[in-house]
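Summary of structural features
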Amino acid sequence: MPLSIGNAPCSWGVEFADDPRNPGWQEVLDEAAAAGYGGLELGPIGYMPEDPAVLGKSLAERRLSLIGGVIFRPFHDPQKWNEVQGASRRTCEALKAHGAKHLVLIDSIAASRAPTAGRPHEAERMNDAEWRGFIERIHSIARMGTEDYGLTVALHAHAAGFMEFEDELERALAEIDAALLSVCLDTGHCLYAGFDPVAFYRRHAARVSYIHFKDVDPRVKAQVVEERIGFYDACARGLFCNLGRGAVDFEAMRDALAENGFDGWATVEQDCDPAGNTKPLEDARANLDYLRSIGLAA
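What this report covers is the structure whose coordinates are included nearby.

Parameters and conventions
Residues numbered from 1 in each chain as written. Predicted model: local features only at pLDDT ≥ 70, side-chain atom pairs only at ≥ 80, totals over all residues. Heavy atoms only, no water. Phe/Tyr/Trp six-rings, centres within 6.5 Å; stacked < 30°, edge-to-face > 60°. Helix = DSSP H or I, 4+ residues; strand = E, 2+ residues; numbered from the N terminus. Buried < 20%, exposed > 50% of the residue type's maximum accessible area, 1.4 Å probe, protein only. Core = buried A, V, L, I, M, F, W, Y, C linked by side-chain atoms within 4.5 Å. Contact = heavy atoms within 4.5 Å. Pairing = 2+ DSSP bridges. Axes fitted to C-alpha atoms, helices over the stretch in contact; angles between N-to-C directions. Salt bridge = Lys/Arg side-chain N within 4 Å of Asp/Glu carboxyl O.

On to the packing of aromatic side chains. Under the counting rule described, the total for this entry stands at 9 aromatic pairs. Ring geometry for Phe16 versus Phe72: centroids 6.3 Å apart, planes at 50 degrees, classification tilted. Residue Phe16 is found in the loop between strand S1 (4-7) and helix H1 (25-34), and its partner Phe72 is found in strand S4 (residues 68-73); the two are separated by 56 residues along the sequence. Relative accessible area serves as the criterion here: at 38%, Phe16 is assigned to the partly exposed category.

So, in structure tokens, the structure goes:
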């Protein structure tokens, strides 16, 4: 059951469009294609050209499809709502222009949650009023993506945001209609938050529209959780290792996907420090080779 496998600019360390340490966008396209991938995510809006003619030509030359894009913004902060809406609209426009399907919503890192990433029993939780506003903002962007642009919108749990832990994700799914919001299951962030991605997938298979394949070095995870290390410093320490070398049971994930007939895109993400001692092209090749070795990629 080989899947369509893509990669994402975060595997080259691209988290923010204006980070001066970022590699050039054409370099990322070149290396994704050279590593054997058929698709790529957009990355943070503003990183790749927003002129469809420019980006479309560059993708076509490398035989790459644009898979989707991520809104990694502070949904938890009502004061930043205009920022969230603006980035969402621009991302939707870019995805629609290239026929991409997947819009992924991620609550970005919150200062009050960063020290308790991976610690569900210690983390600050929203009160009822804060949660209602939070869910309303997610619901609004889900409607925008689905109804205005015809995209498949998925919620992604992420370390150090207010949508990190299993109970938070379950609550959101219970409160937003499945016709508007599905799940982007990130295998690495599930483990970081302390829950089993395979068990979660088996429970919610019908609602998982998109997969992020990420692996976690259990030794580094234990260190960063114990020392309360920030997410980006954890990435720089090598929290996310090559697929198959960490704690994620990808063979069990493969079996669960096959049993439930999943046939969509899965995107490799190996978040790293853009200025760190990393080799994204080599890692991208190794990750695809691993997925091929267990039958998840052709």
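What follows deals with the nonpolar core. Side chains that are nonpolar tend, in soluble globular proteins, to be buried together. Judged by nonpolar contacts, the single largest core of 97 residues is most densely connected at Ile5, Leu105, Ile138 and Phe213. Beyond its immediate sequence surroundings of up to four residues, Ile138 is in contact with Phe75, Leu105, Leu155, Met163, Ile176 and Leu181. Of all hydrophobic cores here, the second largest spans 8 residues; its members include Phe72, Val104, Ala154 and Tyr210.

On the basis of which strands lie adjacent, the open sheet formed by 9 strands has the order S3-S2-S1-S11-S8-S7-S6-S5-S4 and parallel pairing. Only two strands of the sheet have a single partner each, and these edge strands are strand S3 (65-66) and S4. Inspection of the sheet shows strand S2 (residues 39-40) paired to S3 by 2 bridges, in the parallel sense. Each residue of the ladder has a partner; that of Gly39, found in S3, is Ser65. Taken strand by strand, helix H3 (residues 81-97) contacts S3, S4 and strand S5 (102-107), and its axis lies near 175 degrees from that of S4.

Turning to its location among the elements, Ala8 is positioned in the loop between S1 and H1. The class of Ala8 is buried, set by a relative accessible area of 1%. With 38 residues separating them in the primary sequence, Ala8 and Gly46 have C-alpha atoms 15 Å apart.

Turning our attention to the pattern of salt bridges. Counting across every chain of the model gives 27 salt bridges. For the salt bridge of Arg113 with Glu164, the shortest nitrogen-to-oxygen distance reads 3.9 Å. Highlighted residues: Arg113 in the loop between S5 and helix H4 (128-148) and Glu164 in the loop between strand S6 (152-155) and helix H5 (166-175), separated in sequence by 51 residues. Three or more residues are tied together by salt bridges with common partners; here these are Arg113, Arg125, Glu164, Asp167 and Glu168.

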